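Close look at the chain arrangement
Each chain, letter by letter, is given below.
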Amino acid sequence: MLPRVKLTDLLMEVAKWTGFHESFTHASSNQPPKGEEKSIVMAALMAMGTNIGLTKMADATPDISYRQMANVMQWRLHEDALTNAQATLVNYQHRLSMASYWGDGKTSSSDGMRVPVGVSSLHADSNPHYGTGKGTTIYRFTSDQFSSFYAKVINTNARDAVHVIDGLLHHESDLSIEEHYTDTAGYTDQVFGLSHLLGFRFAPRLRDISDTKLFTISSPNNFSNLKGIIRGKINTKIRF
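What comes next concerns the included structure. Here the structure is a predicted model, which is why all the values come from computation and not from measurement.

**Considerations on the overall build of the chain**
Summing up its helical and strand segments, the chain has 7 helices and 8 strands in all. Considering the chain as a whole, with its 240 residues, one finds that 35% of them fall into the buried category. Put simply, of all contacts in the chain between residues at least 6 apart along the chain, 52% involve residues at least 24 apart. With an accessible surface of roughly 15900 Å², the chain has 54% of that area assigned to carbon and sulfur atoms. The averaged location of the 23 negative side-chain charges in the chain is 6 Å from the averaged location of its 24 positive side-chain charges.

This is the structure in structure tokens:
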């Protein structure tokens, strides 16, 4: 029932609501985009976000050249700027009353999405599980309010668990995450320990849990519902 709108118009309207485009400060002058630079930033974002690239976007925008968007990509769409812009959007959505119908922003989950890469790239590698071509993985964190508050490009052969703590600590948004969920690839004993020390409840989905050796710090008798899979108690007196 919603009217059809152009993606460009929607992007400009969201920028007007949130001011997220001001996060794209120049890496040298630290100044936000002004005047026609705002449109160039939006065009570059659309080009990369929709994966059509700067060349095709330049063909579709007579008033914006490839050189202008390439300059913006180099000097304004750096990692810190993208992180701040994402946090601005997440915080705006978090304050909307509608977002509370989905959740309170205190739980989250993360998972990786593999993307084929046809050119030489730092994180691109081959993985027999996905065929013969090279690819990389975008590891994304999503809150219970359905906002994507952190994303990181990682090597496709890296275990997701290595990057779980990064997303919980470095998302820069106002979300106060208390409990986090992953699949089996996001779990290691170290992540369990670090999550506890940092005040997070870690709740991964473990595949073949009956074959996993689970231990507790307190008495196994305190976990009667897990009696069949707990193998013993951790010896806390051991020192390294």
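**Remarks on the pairing of strand 1 (residues 107–116)**
Note: strand 1 against strand 5 (residues 179–181), 3 bridges, orientation parallel. Bridge pairing links T107 to E179 in strand 5. As paired strands, strand 1 and strand 3 (residues 134–143) are joined by 9 bridges and run antiparallel to one another. The residue of strand 3 that forms the bridge with S108 is S143.

**Re the packing of aromatic side chains**
Scanning all chains against the criterion turns up 7 aromatic pairs. Arranged with centres 5.5 Å apart and planes meeting at 80 degrees, the rings of F141 and Y150 form a pair that is edge-to-face. Considered together, F141 and Y150 belong to a single accessibility category, that of buried residues. Every member of this aromatic cluster is reached through a ring pair, and the members are Y139, F141, F149 and Y150.

**Concerning the nonpolar core**
In terms of nonpolar packing, the biggest core is built from 21 residues, with F20, F24, L45 and M69 touching the most fellow members. Put simply, the parts of the chain that give this core at least two residues each are helix 1 (7–18), helix 2 (36–49), helix 3 (53–60), helix 4 (66–75) and helix 5 (79–95). Broken down by element, this core gets its largest block of residues, 8 residues, from helix 2. Listed in part, the 17 residues of the second largest apolar core include L168, V191, F200 and F202.

**Regarding the side chain of S143**
If you trace the backbone, S143 turns up in strand 3. At 3.1 Å, the side chain of S143 and the backbone nitrogen of Q145 are in polar contact. Those residues in contact with S143 that lie beyond four places of it in its chain are T107, S108, F149 and L175.

**Let's talk about the environment of L89**
Relative to the assigned elements, L89 resides in helix 5. With 72 residues separating them in the primary sequence, L89 and W17 have C-alpha atoms 9.7 Å apart. Leave out the neighbours within four places in its chain, and L89 touches V14, T18 and F20.

**A word on the environment of K227**
Looking at where K227 falls in the secondary structure, it is placed in the loop between strand 7 (214–216) and strand 8 (230–233). As a C-alpha pair, K227 and P204 span 23 residues in sequence and 19 Å in three-dimensional space.

**Observations concerning the pattern of salt bridges**
Per the stated rule, a full pass over the model turns up 4 salt bridges. E37 is the salt-bridge partner of R76, the closest N and O atoms lying 3.3 Å from each other. A residue pair is termed long-range when its members are at least 10 positions apart, and R76 in the loop between helix 4 and helix 5 and E37 in helix 2 qualify at 39 residues.

**A closer look at the side chain of S173**
With respect to the helices, strands and loops of the structure, S173 is situated in the loop between helix 6 (164–169) and strand 5. The exposure class of S173 is buried, given its relative accessible area of 11%. Of the polar contacts made by the side chain of S173, one reaches the backbone nitrogen of L175; its length is 3.3 Å. When neighbours within four sequence positions are excluded, S173 is seen to be in contact with A87, V90, N91 and F149.

**Here we look at the packing of helix 1 against helix 5**
Contact geometry for helix 1 and helix 5: axes closest at 11 Å, N-to-C directions at 75 degrees. The angle between helix 1 and helix 5 places the two elements in the roughly perpendicular class. Of the residues in helix 5, those in contact with V14, W17 and T18 of helix 1 are T88, L89 and Y92. Tallied by class, the residues present in the contact of helix 1 with helix 5 amount to 4 nonpolar, 2 polar and no charged.

Analysis parameters
- Residues numbered from 1 in each chain as written.
- Predicted model: local features only at pLDDT ≥ 70, side-chain atom pairs only at ≥ 80, totals over all residues.
- Heavy atoms only, no water.
- Helix = DSSP H or I, 4+ residues; strand = E, 2+ residues; numbered from the N terminus.
- Buried < 20%, exposed > 50% of the residue type's maximum accessible area, 1.4 Å probe, protein only.
- Contact = heavy atoms within 4.5 Å.
- Areas by Shrake-Rupley, 256 points an atom, 1.4 Å probe, with all protein chains shown as cover.
- Lys, Arg positive; Asp, Glu negative; His and termini not counted.
- Charge placed at Lys NZ, Arg CZ, Asp CG, Glu CD.
- Pairing = 2+ DSSP bridges.
- Phe/Tyr/Trp six-rings, centres within 6.5 Å; stacked < 30°, edge-to-face > 60°.
- Core = buried A, V, L, I, M, F, W, Y, C linked by side-chain atoms within 4.5 Å.
- Polar contact = N/O pair within 3.5 Å; in protein donor to acceptor, adjacent residues only side chain to side chain.
- Salt bridge = Lys/Arg side-chain N within 4 Å of Asp/Glu carboxyl O.
- Axes fitted to C-alpha atoms, helices over the stretch in contact; angles between N-to-C directions.
- Parallel < 35°, antiparallel > 145°, perpendicular 65-115°, else oblique.
- Nonpolar A, V, L, I, M, F, W, Y, C, P; charged D, E, K, R; others polar.

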